[in-house]
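Now for the letters of each chain:
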Amino acid sequence: MLGELLKGLGTTLRYMFRQPVTVQYPEVKRPVRERFRGRHELKRFADGKERCIGCSLCAAACPADAILVVPAENDPANPKSHGERYAATYEINMLRCIFCGYCEDACPTNAIVLEHQYELSFYDRRSSIYTKEMLLVPEDQGHGDPPPILQQLSRRPSPPAQIDL
Amino acid sequence: MPDVTVTIDGVTIQVPSGTNVVDAARMAGVAVPVFCYHPRMQPVGMCRMCLVQIGTPRLDPATRQPVLDDAGRPVIQMMPKLQTGCTTPVSEGMVVNTVADEVKFAQRGVLEFLLTSHPLDCPVCDKGGECPLQNLTMQWGPGMSRFDYNDKVHFEKPVPLGDLIYLDRERCILCSRCVRFQDELADDPVLGFDNRGRNWMIISKSDPPFDSKFSGNTTDICPVGALTSSDFRFRARVWELDSRPVVCTLCPVGCNLSLDMRYNQLMRVMPRENGAVNDIWICDKGRYGHRFVDHESRLTTPMLRRDGQLVPASWDEALALVAEKLAAVRQAHGGSAIAGLAAPRLSNEDLYAFQKLFREVLESNNLDQRIGAPGEPALDDLGALLGPGTGSDLAQLGAGTTVLVLGADPEEEAPLYVLRLRAMARRGARLLVANLRPTKLDRSASTRLRYRAGAELAFLRGLLRALSDEVGTDRLTVKSSGLDQLRRALFATSLDDTAAACGVSAADLKAAAATIASAEHLLIFYGAEARSAGPAVVETLGALLALAGKAGQSNSGLIALLPGGNSRGALDMGVRPDARPGYAPLAQPTIGARDLWNAVQGGRVRAVWVAGLDPAASLPAARAALDAAEFVVVQDLFLTETARLADVVLPAASVAERDGTYTNAERRVQRSRQARPPIGESRPDWQIVQGVAQRLVQAWVATGAPAVPAKGPKDGKGARGARGGVEVGAVAVAENGGWDYLTAADVAAEIAERVPGYAGVTYPALAATGKPGSWGRQVNEAIYYDGTNYENTEGVGIKLPSLIESGRASLNLAPLPVPATADDRPLLLIAQPLAYDGDPLLRGSRLEAHVPEPYVALSRADAERQNIRPGDIVRLASSAGELALPARVVDDLPQGVALVPANLAGVGLATVQTGPRTRVSLVKVVV
């Protein structure tokens, strides 16, 4: 019996001097994989205009019905996106979202991208709804590059996105 | 037409001769893709999408007989090239191949070409999701294009064709459906092609641009997203929409609509196929004029007047107050001191409940559907007495039918009838258009008759005289009286004299009478201008129908174009001072709208309940009377001028927010469904009425005070016939006195039981009237029209029999006395109804911009005599008052007539009118 006890304590002792597998979250954050599907971001073109054209195809593709898009017509003097249409409202309910990435696939302009942010917790249901302001990247960031998955597949973006690339 | 046998992709079927290959293939269950072909229009073969291989039996040149092969089958000779299916009529023994490699190659080629300049901006296109070009490309297209994406021709993105329709020239495939619709069906040839080659484009040729009341239909039939509707622009994607079937209440046609809702918000209005009513079309008023349901000025809570201010209150408070006040008035002054006005756009259920409350609970017959303006003509009974008989279907009428349109401008009064009448004329019907001034319908008429202004009756007497010369009176088969007096009146003057009096030559009268006499079916449409000439005119129309032998027959009858979407229903339900439901006349005349305002001022009427009408806006007398009245209840959608004067304002649910049935001009009852929950706390009108009725009945049962008409419990409904038979079972008075409807269907069931003529018109029966037409969405999604969904799941509605047909009523032929007018002022003032007028229901819609500023239209001769130029202010003076308006000079208006748009906000026509027609003098105002 004593033998088993020592054997067990020995294992503990051995692991005390090994590099731990776990990290000290949240002080330490482990990098995620390139193709990790985290929180969505709405990207911009290099000229600062929104990529999203409010076509609602993401909402149509969404199997969890997590996305709400209310489109509107651009003010020609001060357009938010290229073309005539933009998303006046864009909301994703993160409690509903299953992070499947179908919205990303459906997006004709590569506007919505599932990024690497995974810290999504809320105190109430209402705050689980991410609005357009929360999802849209700042004007000087996050434009240009198609998401890595598309680069790997060497897929050409569909026409509306091509126009102004 | 004899049938011909054709074989399409191995399927042998018989189709009527004259059918084209596309239609024949559809009957055989074979899909031939099309873009430009539309079965309601002439084929043009522009898009080349329907190319198919066609072969016909080889004929022996000597005998003209088919050559047979060894097996005895005819030898088929294929045509050397592919043929367009839409322009090729079938012939006996024809063989069609739609799946040959050659055909598929051609289809792929056509689509590749159509897409060379198509921008492929489907994600931002309003048509995306219901676009034939998308669908046909997926099903028949090549999948890849050999053209460089960067070589696409780009145009400036949408250009407004009019303010209702936007054109995206990049997307247009130049199928000309819109051009042909405007030319062939709408008769507003305002669209055309411009330029050529890659700059070929659709343009509007009219000023103002795209000036048509049917322009919205072009967006439905556009097979791409080139034409889009300005009020649905980028509102939603079509797959997010939920279509709810409703009936349009903006005019008496009763078009079937789909309200396309997203999250209970109205996104757009689409037509719903009903071959008997609107086919697959609607007018722009129906399409764009429903924005009122979402308008921010809708009333959402009941309001009570406290310290002179209207303040929000609860339903309980409001209904209790109404019941208490009405009970007090009835107690003190009797039921006849209460009057009710209900709008003829409310549903049958509302109107029935309204009159039931008045007749049975308040014991008042002071009901009306008018506001008491001097310009309102008498209520129309003949449209029900001699309405089109059972089984009438305008879609079936063509050759052999004569249609007389008298004193009507259907384009303004009931726009969709223009399409119906034109379709009938195209199928071979004779269209006689008689009017004192030209209207757009003249262009479609086979005979135009222009009588002198004010000579309607002389014209009709002349026509009747010519008809009786032609056929005598033998054809008169219906129950009638007064034939001798009529004959005396007709033969008092010679036809030539009558012709001279009305300004239509005797030969024309005879020719028109011959057309009427020889008709298999006779339909007579009459509108506001005919009705304004007095009841004698309408009565003579009835005599004309009866003498032609068409009274009470199927597909023959009178159709009155009344104001209000459910005027016929309101008349049927007895919302009128002189009759109970089902046209049962009252023994004693009561106070109608015409006398109401004086009666209020005189203290004979103390309390007024106004449902959906706005008398105060246009009638100073009504405003003063409502101010003076002891108690005023208004239930409406908006805080109208009348509502501002009310003691209690009750918010009503709009047509989109409640179930109901509506009776159209032909007396077809159709069901409209609830499209979304009522806005705020608003309630359907019948519920509001029931709320008051229940409180009244309970109060009286409790106090035992004035006796409520004894009534059996629910199953005993109808024991008391609508005509007032007192056959009451020995049962205790039910707690709610017959006011225990839970749904609109319960009210409809009681209507079916108690209103003569409505027997059997229940919701289940309406739902069982079958799937109309064959349009819908096709099984294989791509035959004619795989885009817009016109599917109708609600049935075609129930056509009520005319009263004469049911044998309960008889026709009085004796000519009504015509009041002599002593007024010798030179001009005849006629109020002209406009489609886009001051109707509060147009608020919030893009049609508001189409409502004209007030004006008076004068003939060139009259204007020149007084040196009036367009825009000059003129003063109209009658024996009643004066009115100053800017003048318009209209070339084709007859001399002696002044036309003023009726029902425009802020005209004050009532100040000058002495009746439906007013003699006025004209003075130019020199500034």
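Residues numbered from 1 in each chain as written. Chains lettered and ligands numbered in written order. Predicted model: local features only at pLDDT ≥ 70, side-chain atom pairs only at ≥ 80, totals over all residues. Heavy atoms only, no water.

A. The arrangement of the overall build of chain A in detail. Within chain A, the regular secondary structure consists of 6 helices and 5 strands. Order of helices (α) and strands (β) in chain A, N terminus to C terminus: α-β-α-β-β-α-β-β-α-α-α. Each of the 165 residues in chain A was classed as buried or not, and the buried ones make up 36%. Pairs at least 24 residues apart make up 74% of the contacts formed inside chain A by residues separated by at least 6 positions. When the accessible surface of chain A is summed, it comes to about 10,600 Å², and 54% of that surface belongs to carbon and sulfur atoms. (Helix = DSSP H or I, 4+ residues; strand = E, 2+ residues; numbered from the N terminus. Buried < 20%, exposed > 50% of the residue type's maximum accessible area, 1.4 Å probe, protein only. Contact = heavy atoms within 4.5 Å. Areas by Shrake-Rupley, 256 points an atom, 1.4 Å probe, with all protein chains shown as cover.)

B. Quick look at the sheet that holds strand 7 (residues 159-160) of chain B. With antiparallel pairing, 3 strands are arranged side by side in an open sheet as 7-8-11 (chain B). In this open sheet, the two strands that pair with only one neighbour each are strand 7 and strand 11 (227-229) of chain B. (Pairing = 2+ DSSP bridges.)

C. Representation of the side chain of Gln832 of chain B within the structure. The residue Gln832 of chain B is located in strand 34 (residues 827-832) in this model. Discounting residues that sit within four places of it in the chain, Gln832 of chain B has contacts with Asp409, Arg437, Glu529, Tyr855, Leu899, Val900, Pro901 and Ala902 of chain B.

D. The environment of Val648 of chain B, seen in detail. All names here are of chain B. On the secondary structure map, Val648 appears in strand 29 (residues 648-651). Through-space distance from the C-alpha of Val648 to that of Arg306 is 9.8 Å; in sequence the pair is 342 residues apart. Beyond its immediate sequence surroundings of up to four residues, Val648 is in contact with Met303, Leu304, Ala318, Leu321, Val322, Phe631, Val632, Val633 and Val634.

E. Representation of the confidence of the model for chain A in the model. Model confidence for chain A is summarised by a mean pLDDT of 85, while 85% of its residues fall at 70 or above. Every residue in residues 161-165 of chain A is under pLDDT 50, and counting partners more than four places away or in other chains gives 11 contacts. (pLDDT = per-residue confidence, 0-100.)

F. Layout of the pairing of strand 9 (residues 191-194) of chain B. Residue and element names in this part refer to chain B. Across 4 bridges, strand 9 lies against strand 10 (residues 201-204) in antiparallel orientation. Its bridge partner lying in strand 10, Phe193 is registered against Ile202. Hairpin connection, strand 9 to strand 10: the antiparallel pair is bridged by 6 residues, and Asn195 has positive phi, about 60°.

G. Structural view of the side chain of Gln670 of chain B. All names here are of chain B. Inspection of the secondary structure puts Gln670 in strand 31 (residues 668-672). Overall, Gln670 belongs to the buried group, its relative accessible area being 3%. Within the local environment of Gln670, its side chain forms a polar contact with the side chain of Asn274, the two groups lying 3.1 Å apart. Those residues in contact with Gln670, other than ones at most four positions away along the chain, are Val247, Gly254, Asn256, Asn274, Val277, Gly660, Thr661, Tyr662, Asn664, Val796 and Gly797. (Polar contact = N/O pair within 3.5 Å; in protein donor to acceptor, adjacent residues only side chain to side chain.)

H. Broad picture of the pairing of strand 23 (residues 521-526) of chain B. Residues and elements named next belong to chain B. In terms of residue burial, strand 23 counts as a mostly covered element, since 6 of its 6 residues are buried. In strand 23, alternate side chains face the same way, and those of His521, Leu523 and Phe525 on one face and Leu522, Ile524 and Tyr526 on the other are all buried. As judged from the 6 bridges shared by strand 19 (residues 401-406) and strand 23, these two strands associate in the parallel manner. Pairing of Val405 across the sheet is with Phe525, part of strand 23. With 4 bridges connecting them, strand 23 and strand 24 (residues 557-560) associate as parallel partners.

I. Quick look at a nonpolar patch on the surface. All names here are of chain A. A surface patch of nonpolar side chains, about 400 Å² in accessible area, is lined by Val23, Tyr25, Val28, Phe36 and Tyr118. In this fold, Phe36 is placed in the loop between helix 1 (2-16) and strand 1 (40-42). Judged by its relative accessible area of 31%, Phe36 falls in the partly exposed class. (Patch = residues over 30% accessible without salt bridge, like charges linked within 9 Å, V, L, I, M, F, W, Y side chains within 5 Å. Salt bridge = Lys/Arg side-chain N within 4 Å of Asp/Glu carboxyl O.)

J. Summary view of the sheet that holds strand 21 (residues 447-450) of chain B. Residues and elements named next belong to chain B. Strand order in the open sheet formed by 5 strands is 21-20-19-23-24, and the pairing between neighbours is parallel. The two strands at the open ends of the sheet, each matched to only one other strand, are strand 21 and strand 24. Pairs of neighbouring strands in the sheet enclose a mean axial angle of 15°, with direction left out of account. In this sheet, strand 21 lies alongside strand 20 (residues 430-435) in parallel orientation, the contact comprising 4 bridges. Bridge pairing in strand 21 places Val433 opposite Arg448. Against the sheet, helix 17 (residues 535-547) engages strand 19, strand 23 and strand 24, with an angle of about 175° to strand 23. (Axes fitted to C-alpha atoms, helices over the stretch in contact; angles between N-to-C directions.)

K. View of the packing of aromatic side chains. A full pass over the atoms with the stated rule returns 11 aromatic pairs over all chains. On the numbers, 5.9 Å between centres and 75° between planes, the contact of Phe36 of chain A with Tyr118 of chain A is edge-to-face. Residue Phe36 of chain A is found in the loop between helix 1 and strand 1, and its partner Tyr118 of chain A is found in the loop between strand 4 (112-114) and strand 5 (129-130); the two are separated by 82 residues along the sequence. With a centroid separation of 5.2 Å and an interplanar angle of 35°, the aromatic rings of Tyr451 of chain B and Phe459 of chain B are classed as tilted. One exposure class covers both Tyr451 of chain B and Phe459 of chain B, and it is buried. By the ring-pair criterion, three or more aromatic residues cluster together here, those being Phe354, Phe358 and Trp609 of chain B. (Phe/Tyr/Trp six-rings, centres within 6.5 Å; stacked < 30°, edge-to-face > 60°.)

L. Looking closely at the domain arrangement of chain B. Residue and element names in this part refer to chain B. Taken domain by domain, chain B holds domain 1 (3-110), domain 2 (303-378 + 566-767), domain 3 (382-560) and domain 4 (827-924). Centre-to-centre, using C-alpha coordinates, domain 2 lies 36 Å away from domain 3. Facing 9 residues of domain 2, the contacting portion of domain 3 comprises 10 residues. Summing both partners gives a buried area of about 820 Å² for domain 2 against domain 3, and 52% of it is carried by carbon and sulfur. (Domains from an automatic or database assignment. Buried area = accessible area lost by both parts, 1.4 Å probe.)

M. Focus on helix 3 (residues 132-140) of chain B. All names here are of chain B. Those residues of helix 3 lying buried are Pro132, Leu133, Leu136, Thr137 and Trp140. Projection of helix 3 onto a plane perpendicular to its axis shows the buried side chains occupying an angular sector of 125°, all on one side. Summarising the contacts, the buried residues of helix 3 are in contact with helix 2 (101-114). (Arc of directions from axis to C-beta.)

N. Structural detail: the interface of chain B and chain A. Each partner contributes to the interface: chain B provides 18 residues, whereas chain A provides 18 residues. With both sides pooled, the region where chain B packs onto chain A buries about 1,400 Å², and carbon together with sulfur makes up 59% of that total. Interface area lost by chain B to chain A is led by Pro123, Tyr149 and Phe234 of chain B, which between them contribute 39%. Counting every contact that joins chain B to chain A gives 3 salt bridges. Its residues assigned to classes, the side of chain B that touches chain A shows 9 nonpolar, no polar and 9 charged. (Nonpolar A, V, L, I, M, F, W, Y, C, P; charged D, E, K, R; others polar.)

O. View of the confidence of the model for chain B. All names here are of chain B. Counting all residues, the mean pLDDT for chain B is 88, and 94% of those residues have values of 70 or more. Note that pLDDT drops below 50 for residues 707-734; the model gives that stretch 36 contacts with residues more than four away or on any other chain. In this model, residues 775-783 is a region of pLDDT below 50 whose contacts with residues beyond four sequence positions or in other chains number 30 contacts.

P. Highlighting the nonpolar core. Residues and elements named next belong to chain B. The biggest cluster of nonpolar side chains holds 86 residues, and the ones touching the most others in it are Leu326, Leu357, Leu596, Trp609, Leu696 and Trp739. Apart from the residues within four sequence positions on either side, Trp739 is in contact with Ala353, Lys356, Leu357, Val361, Val689, Gln690, Ala693, Gln694 and Val697. Listed in part, the 67 residues of the second largest apolar core include Leu406, Phe459, Val504 and Leu893. (Core = buried A, V, L, I, M, F, W, Y, C linked by side-chain atoms within 4.5 Å.)

Q. Quick look at the pattern of salt bridges. All names here are of chain B. According to the stated counting rule, one finds 59 salt bridges over all chains in the structure shown. Its salt-bridge partner being Arg306, residue Glu317 comes within 2.7 Å of it at the nearest N-O pair. Here Arg306 lies in strand 15 (residues 303-306) and Glu317 lies in helix 7 (residues 315-333), a separation of 11 residues in the sequence. According to the relative accessible area criterion, Glu317 is partly exposed, its value standing at 37%. Among the charged side chains, a network of salt bridges with common partners joins Asp187, Asp188, Glu411, Arg422, Lys440 and Arg443.

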